Amino acid sequence: MPPVAQISPTLLREILELDGWTATNEDPYNWLMDKGGYDPVPIPKRIRTVPFAVFNNCLIKSGITGEKYQNLYAKACAKSATG
């Protein structure tokens with residue numbers, strides 16, 4: 001089973017993008033991800049791994065759970081491995 005909390009901010013962003021989210025705003029510290037009908041999800045940029053509380057909040061707000069997360073995680077990892 002892949003890790004569920006110790007992932008990089010860029011990988012979390014990629015997971016959300018694969019689910020249809022887009023970065024609608026960005027500053028040196030955060031990406032603000034948006035998808036119609038959902039509250040915006042902030043992802044901090046300047047950390048090595050996403051803290052569990054932030055990770056959990058992102059998944060709750062985005063509605064990504066269980067098997068859907070696992071599938072998106074696998075796709076994001078495969079995409080980053082191929083460049």
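Remember, predicted model here, so these are calculated numbers, not experimental data.

Student: Lay out the overall build of the protein in plain terms, naming residues and giving numbers.
Tutor: Regarding its fold elements, the protein presents three helices and three strands. In sequence order, the protein lays out its α and β elements as α-β-β-β-α-α. At 12 Å, the protein has a C-alpha radius of gyration in line with the 12 Å of a compact globule built from 83 residues. Structurally, the protein occupies a C-alpha span of about 30 × 25 × 25 Å along its principal axes.

Student: So, helix α2 (residues 52–62): which residues are in play, and what are the values?
Tutor: Within α2, the full set of buried residues consists of F55, C58, L59 and S62. The buried residues of α2 occupy one face: seen down the axis, they fall within an arc of 95 degrees. Facing away from the buried side of α2, by more than 90 degrees, are the exposed residues A53 and I60.

About the thresholds
- Per chain, the residues get numbers from 1 upward, laid out in the order the sequence is written.
- Given that this is a predicted model, residues contribute local features only at a pLDDT of at least 70 and side-chain atom pairs are listed and counted only at 80 or more, while totals for whole chains, interfaces and linings are drawn from all residues.
- Only hydrogens and water are removed before side-chain values are computed, so all heavy atoms of the structure are retained for them.
- Secondary structure counts use DSSP, requiring at least four H or I residues in a row for a helix and at least two E residues in a row for a strand, with both numbered from the N terminus.
- We take the radius of gyration over the C-alpha atoms and set the globule estimate at 2.2 Å times the residue count to the 0.38 power.
- Three exposure classes are used, based on accessible area relative to the maximum for each residue type with a 1.4 Å probe and protein chains only: buried under 20%, partly exposed in between, and exposed over 50%.
- What the arc describes is the spread of directions from the helix axis to the C-beta atoms.

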